[in-house]
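# Secondary and tertiary structure notes
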Amino acid sequence: MDENESGEATRAGASRLGDALNIEGMRMQERIFRMDAERGLRNLRDSTRLMLLVLLVSVPMGVAAWAFLAALDAVTAFRETYGWPVFLLLPVVGVFTAWLYRVYGKDAARGNNLVIDCAVTGRDIPRRMAPFTFVCSVATHLAGGSAGREGTAVQIGGTIADAVSRAFKLKEYDHRDLMMAGISAAFGGVFGTPLAGAFFGMEMCYVGKLHYAAGIYCLVASFVGDTVATLLGTPREAYLIGRIPEIAPATIALAVGVGIAFGVAARLFSGAIRLVRRFYAAHITGYLQAALAGAIVLLATYAVFGLWRYAGLSSWLVEAGFAGETTPVDAACKLVMTALTLGAGFQGGEVTPLFGIGAALGGWLGGICGVAPSFMAALGMVGLFGSALNVPITTIMLGIDLFGGHAAPYFVIVSFVGYLIAGHRGVYPAQRIVTPKWRSLGEDAGDTVEQVIERHRDGVV
C-alpha cells in the first residue's frame, strides 16, 4: 500500500471514529435530555399535586379566619355592652381552659410552638388543637383577657395542614412546605396582609433563615386565605401615615434610635410573659390552682387599677397612637395585661397586642421627636412585631401591606435594628436558630430559642 492509500485509509478510519463518537455523543445528549425531561415532569407533577393540597388547606383556613374574627367581634361587642360584670367570667374561663388542655389536649397546649415543631421535625399535631384553640380563644376575649388572634389562626392553619399532609402521606419536604403554607394562609386570612403572610410562613420557624423552597406555596396560600376571608365579609383595617420625612442622615439616625427602642420593648414583652409563667409554675403546684390564681390576679389588676379598656384586642390603642394621643403608660399597661393573660395560660395570640403597644409607643415618640405621630406609630407597629417574633423580612412586607411602599426604607431600618437588639429572645421558644444574630452568639447556632434562654438564664443574649 503506497502512502496515498495509507493516508486515505487513516482518514477514513478517523472519519468512521468521528462519526461513531458523534453518534455516541448524540445518544448521550438524548439520554441527558430525556432524563431532564422526566425529572422536570416528575417535579411538575409533584409541585402541581402539592399546590392542589395548598389550595385544599388555604380555602378552609380562609373560612376559619372569617368565622374566628366574626366570633371575636361578637364577644367583644357583648363584653363592651355589659361592662365589668362580664370580667367575672375570667376565673371560669381560666380554669376551664387549663382543665380542657390538661385532660384532653395532649401536646396542644404548646400552641404555636407545636406547629413549629411539626413543620421542622414532622411531629404530629392533635386534631383537637383547632377546635380547642378556637373555643378557648373566643372565651378569653369574651371574659376580657388581653390577647391577640394570630396564635389561634396559626394553630388552626397548622392543624389543617398537618391533617391533609397525613391523609396524603406526604414526604418530609412536602410536609414541611405544606405546613408553612398553612401558617401563611392563617396569617394572611386573619390580618388581610398577603405579602406579610407569605413571608411569615417561610420565616416563622427559624431565626436567621427564610425557607425559600416553600415560597410559591406560601405566597399562594396567603393570598387565597386573605381572598376567601375578605369575600366572606371580613373587614380589613386601613391606616394612613401622615407626612413621611425625606431620607437624610437625621431621619436615618432617628429610625435607628426608635428601632433600638422597639427591640428593647420586644425583649421586655417576651420576658414578661415568660416571667409570669415561671412564677406560677414555681409557686403553685396544682395546675387548676395555678390557673385560678392567674385569673384572679388578672381580674384584680383590672379592677384595682381601672385598666378595663386594655382588655381584649384593645384596637383603640392603634387609632390613638396614630393620632398622637398615647403615652408610655398605655404601652406599659397593655404589655402588663397581656403578660398576665398569656402567662396565666389563657389562649390567644401576641401579634395584635404587639401592634397596640408598638403604635402607642411610636405615637408618643413621634410627638416628642417632632415628626408625624402616625408615621412613628406605623414604625412602632411593624418594628415591635418583627423584633418580638424574629421575622425581619415579614416585618418589611407587613409595613408595605398596611401602609404602602413610600416608607419602606424606614421599615427596613427599624426591622433589622430591632431584630438585632432583641437578641435570641422571642415569643416562640421553639424557633430554631440557624444564623446567630451576633458573632458572640455563635454557640447558639442549631439550638432553639428556649434552649438558649435556659443556657443564658443569668446572662445577656
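Our subject in this report is the structure included herewith. Please read these numbers as outputs of a predicted model, since none were measured by experiment. (Residues numbered from 1 in each chain as written. Predicted model: local features only at pLDDT ≥ 70, side-chain atom pairs only at ≥ 80, totals over all residues. Heavy atoms only, no water.)

### Re the packing of aromatic side chains
How two aromatic rings sit relative to each other is given by the distance of their centres and the angle of their planes. Considering all chains together, one arrives at 20 aromatic pairs under this definition. Between the aromatic rings of Y239 and F403, the centroid separation amounts to 6.3 Å while the plane-to-plane angle is 45 degrees, which identifies the pairing as tilted. Taken together, the residues Y239 in the loop between α8 (215-231) and α9 (249-283) and F403 in helix α15 (residues 392-403) connect sequence positions 164 residues apart. Residue F403 is classed as buried on the basis of its relative accessible area of 14%. Centre to centre, the rings of F403 and F411 are 6.1 Å apart; their planes meet at 40 degrees, and the pair counts as tilted. Grouping residues by exposure puts F403 and F411 together as buried. (Phe/Tyr/Trp six-rings, centres within 6.5 Å; stacked < 30°, edge-to-face > 60°. Helix = DSSP H or I, 4+ residues; strand = E, 2+ residues; numbered from the N terminus. Buried < 20%, exposed > 50% of the residue type's maximum accessible area, 1.4 Å probe, protein only.)

### Concerning the pattern of salt bridges
Counted according to the given criterion, the structure contains 15 salt bridges. A salt bridge links R166 to D124, with the nearest nitrogen and oxygen atoms 2.7 Å apart. Placement of the pair is R166 in helix α5 (residues 150-167) and D124 in the loop between α3 (112-121) and α4 (129-143), with a sequence separation of 42 residues. Given the relative accessible area of 48%, D124 is considered partly exposed. Among the ionic pairs, R166 bridges to D162, the shortest N-O distance being 2.9 Å. With R166 and D162 both in helix α5 and four residues apart, this pair spans about one turn of that helix. (Salt bridge = Lys/Arg side-chain N within 4 Å of Asp/Glu carboxyl O.)

### Quick word on the packing of helix α7 (residues 194-203) against α15
The geometry of α7 relative to α15 is characterised by a closest axis approach of 7 Å and an angle of 170 degrees between their N-to-C directions. As summarised for this structure, α7 and α15 are arranged roughly antiparallel, according to the angle between their axes. Residues P194, L195, A196, F199, F200 and E203 of α7 pack against P392, I393, T394, M397, L398, I400 and D401 of α15. Classifying every residue of the contact of α7 with α15 gives ten nonpolar, one polar and two charged. (Axes fitted to C-alpha atoms, helices over the stretch in contact; angles between N-to-C directions. Parallel < 35°, antiparallel > 145°, perpendicular 65-115°, else oblique. Contact = heavy atoms within 4.5 Å. Nonpolar A, V, L, I, M, F, W, Y, C, P; charged D, E, K, R; others polar.)

### Regarding α3
Judged by how many residues are buried, α3 sits mostly within the fold: eight of ten residues are covered. Taken as a whole, α3 has its buried residues at N112, N113, L114, V115, I116, D117, C118 and A119. Where α3 terminates, the next one or two residues include G122, which has phi positive at roughly 85 degrees.

### Looking at the nonpolar core
Formed by 129 residues in total, the largest nonpolar core has its most connected members in L389 and F403. Counting residues per element, this core draws most heavily on helix α1 (residues 3-82), at twelve residues. Apart from the residues lying within four places of it in its own chain, the contact partners of F403 are Y239, I241, F322, A378, M381, V382 and F411. Core analysis: the second largest hydrophobic core is formed by six residues, V207, Y419, V449 and V452 among them. (Core = buried A, V, L, I, M, F, W, Y, C linked by side-chain atoms within 4.5 Å.)

### Notes on the environment of V412
Mapped onto the secondary structure, V412 falls in helix α16 (residues 408-422). The spatial distance from the C-alpha of V412 to the C-alpha of G259 is 10.0 Å, given a sequence separation of 153 residues.

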